[in-house]
Amino acid sequence: MRTPPGPFRLSRLHVLLRTRPVSNEKKLRLGILGSGKGSNMVAIADSITAGSVPAEIALVLADVADAGILARAQERGLPAKFIPPGRFRTKLDETAEAAYIAALKEAGVELVVLAGFMRILKGEFLRAFPQRVINIHPSLLPAFPGLEAWRQALDYGVKFTGCTVHFVDQGVDTGPIIGQQTVPVLSRDDADTLHGRIQFAERQLYPVAISALARGLVRVEGRKTVTQATE
Ligand code: GRF
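Residues numbered from 1 in each chain as written. Predicted model: local features only at pLDDT ≥ 70, side-chain atom pairs only at ≥ 80, totals over all residues. Heavy atoms only, no water.

1. A short note on the packing of helix H6 (residues 149-156) against helix H7 (residues 191-214)
Each pair of packed helices can be summarised by the angle the axes make with each other and by the distance between the axes.
Line of reasoning, step 1. Following both chains from N to C, one finds H6 and H7 inclined at 120 degrees, their axes separated by 9 Å at the closest point. Considered as vectors, H6 and H7 are oriented oblique to each other. Crossing geometry of H6 relative to H7 is assigned as right-handed. Contacts between H6 and H7 involve Trp150, Arg151 and Leu154 on the former and, on the latter, Ala191, Leu194, His195 and Ile198. (Axes fitted to C-alpha atoms, helices over the stretch in contact; angles between N-to-C directions. Helix = DSSP H or I, 4+ residues; strand = E, 2+ residues; numbered from the N terminus. Parallel < 35°, antiparallel > 145°, perpendicular 65-115°, else oblique. Left-handed = near helix turned anticlockwise from the far one by under 90°. Contact = heavy atoms within 4.5 Å.)

2. Looking at the nonpolar core
Line of reasoning, step 1. The biggest cluster of nonpolar side chains holds 42 residues, and the ones touching the most others in it are Leu30, Ile32, Met41, Ile57 and Ile134.
Line of reasoning, step 2. For this core, the element with the highest residue contribution is H7, accounting for 11 residues.
Line of reasoning, step 3. Setting aside chain neighbours within four positions, we find Ile57 in contact with Leu30, Ile32, Met41, Ile44, Ala45, Ile48, Leu78 and Pro79.
Line of reasoning, step 4. The next biggest cluster of nonpolar side chains, apart from the first, holds 23 residues, and it includes Leu61, Ile101, Ala103 and Val133. (Core = buried A, V, L, I, M, F, W, Y, C linked by side-chain atoms within 4.5 Å. Buried < 20%, exposed > 50% of the residue type's maximum accessible area, 1.4 Å probe, protein only.)

3. Some words on the sheet that holds strand E4 (residues 111-114)
Line of reasoning, step 1. Pairing is mixed across the open sheet formed by seven strands, whose spatial order is E3-E2-E1-E4-E5-E6-E7. Both outer strands of the open sheet, strand E3 (80-82) and strand E7 (177-184), are each paired with one neighbouring strand and no more. When strand polarity is set aside, the average angle formed by the axes of neighbouring strands in this sheet is 20 degrees.
Line of reasoning, step 2. Examined bridge by bridge, strand E5 (residues 133-137) and strand E6 (residues 160-167) share four bridges and lie antiparallel to one another. (Pairing = 2+ DSSP bridges.)

4. As for the site of the ligand
Line of reasoning, step 1. In the neighbourhood of the ligand, the contacting residues comprise Gly36, Lys37, Gly38, Ser39, Asn40, Gly116, Ile136, Pro138, Gln199 and Glu202.
Line of reasoning, step 2. Here an oxygen atom of the ligand and a backbone polar atom of Asn40 are 3.0 Å apart.
Line of reasoning, step 3. Glu202 is positioned such that a nitrogen or oxygen atom in its side chain is 2.3 Å from an oxygen atom of the ligand.
Line of reasoning, step 4. Expressed as a share of its isolated accessible area of 370 Å², the protein-covered part of the ligand is 87%.
Line of reasoning, step 5. Here the residues of the shell around the ligand are counted per class, giving two nonpolar, six polar and two charged. (Near = heavy atom within 4 Å. Polar contact = N/O pair within 3.5 Å; in protein donor to acceptor, adjacent residues only side chain to side chain. Areas by Shrake-Rupley, 256 points an atom, 1.4 Å probe, with all protein chains shown as cover. Nonpolar A, V, L, I, M, F, W, Y, C, P; charged D, E, K, R; others polar.)

5. Topic: the pattern of salt bridges
Should the charged atoms of two oppositely charged side chains come close, the side chains can pair.
Line of reasoning, step 1. For the structure shown, the criterion picks out 11 salt bridges.
Line of reasoning, step 2. Two residues, Glu110 and Lys26, come together in a salt bridge whose shortest N-O distance is 3.0 Å. Of this pair, Glu110 sits in the loop between helix H4 (94-106) and E4 while Lys26 sits in the loop between helix H1 (12-19) and strand E1 (28-34); the two residues are 84 residues apart in sequence, bridging distant segments of the chain.
Line of reasoning, step 3. On the basis of relative accessibility, which here comes to 25%, the residue Glu110 falls in the partly exposed class.
Line of reasoning, step 4. Where Glu56 meets Arg29, a salt bridge forms, and the shortest distance between an N and an O atom there is 3.6 Å. (Salt bridge = Lys/Arg side-chain N within 4 Å of Asp/Glu carboxyl O.)

6. Details of the side chain of Thr225
Line of reasoning, step 1. Structurally, the position occupied by Thr225 is in strand E9 (residues 224-227).
Line of reasoning, step 2. Here Thr225 falls in the buried class, since its relative accessible area comes to 16%.
Line of reasoning, step 3. In terms of polar contacts, Thr225 uses its side chain to reach the backbone carbonyl oxygen of Ile177, at 2.7 Å.
Line of reasoning, step 4. Setting aside residues up to four positions removed in sequence, Thr225 forms contacts with Phe167, Pro176, Ile177, Ile178, Val218, Arg219 and Val220.

7. Some details on the confidence of the model for the protein
Line of reasoning, step 1. Across the protein, the average pLDDT comes to 92, with 89% of residues at 70 or higher.
Line of reasoning, step 2. Considering only residues more than four positions removed or in separate chains, one finds that residues 1-10, a stretch of pLDDT under 50, has 17 contacts. (pLDDT = per-residue confidence, 0-100.)

8. Digging into helix H2 (residues 39-49)
Line of reasoning, step 1. Within H2, nine of the 11 residues are buried, which leaves the element mostly enclosed by the surrounding structure.
Line of reasoning, step 2. Of the residues making up H2, those classed as buried are Ser39, Asn40, Met41, Val42, Ala43, Ile44, Ala45, Ser47 and Ile48.
Line of reasoning, step 3. Each element contacted by the buried residues of H2 is listed here: E1, strand E2 (55-62), helix H3 (68-75), E4, E5 and H7.
Line of reasoning, step 4. With its phi angle positive at about 90 degrees, Gly51 sits one or two positions after the end of H2.

9. Thoughts on unusual backbone geometry
Line of reasoning, step 1. For the bond running from Leu141 to Pro142, omega is 15 degrees, close enough to zero to count as cis.
Line of reasoning, step 2. Here Pro142 is to be found in the loop between E5 and H6.
Line of reasoning, step 3. The phi torsion at Glu148 lies on the positive side, around 45 degrees, for a residue other than glycine.
Line of reasoning, step 4. Note that Glu148 resides in the loop between E5 and H6.
Line of reasoning, step 5. Given the relative accessible area of 37%, Glu148 is considered partly exposed.
Line of reasoning, step 6. For Asp173, which is not glycine, the phi dihedral falls at a positive 60 degrees.
Line of reasoning, step 7. Take Asp173: it is sitting in the loop between E6 and E7.

Okay, structure coming up:
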């Protein structure tokens, strides 16, 4: 089995999922929420187009009117919409929350994928999509939850960090972990170079994790997930 270039090691699951072409599998309908430039959304869309993720992007939503993620989605012909977040800075207000839920339900979304969505989703939203909301975080959780996790890792002096895909629960970055990818911290790193290396890893990990979910290979057992290999 070929080892990919660079400092990233793909697990056996990664390799299986990447090399197994999507045939007539049912496609999982994704709703992607973002606030920023949308590089994770692009990586997911490209993996779907390449045939390695049995999913389709049913809707892209942003809480920032000029977020890059909306432009990247429109360029690809994907349905994309800005929904105003309401009066709070870190969460959706009640009206906005209802509007997000309604738009996702109307689009038949089965899995909500947070890709740089800078608001905490709670109560009503999580009840509308039970165990159906996932997030990517730029550290190896439970280390360095919260904002600017790459800077926290650099300041702490760890030698490895990475990224984590996890289910979203009521806490901040606390839900059951679906997958992680390690990234080395180099002595010459500054916050930007380390963040860039983590984002490169994110763009590999997120499509693989979504593929595993779409194929029904992931089950939640308490606070853990178990991913079943396919061969
Ligand atoms: C990602 O790096 C992710 O770690 C964090 O937000 C960032 C979003 O980037 N949750 P993009 O909008 O996907 O480019």
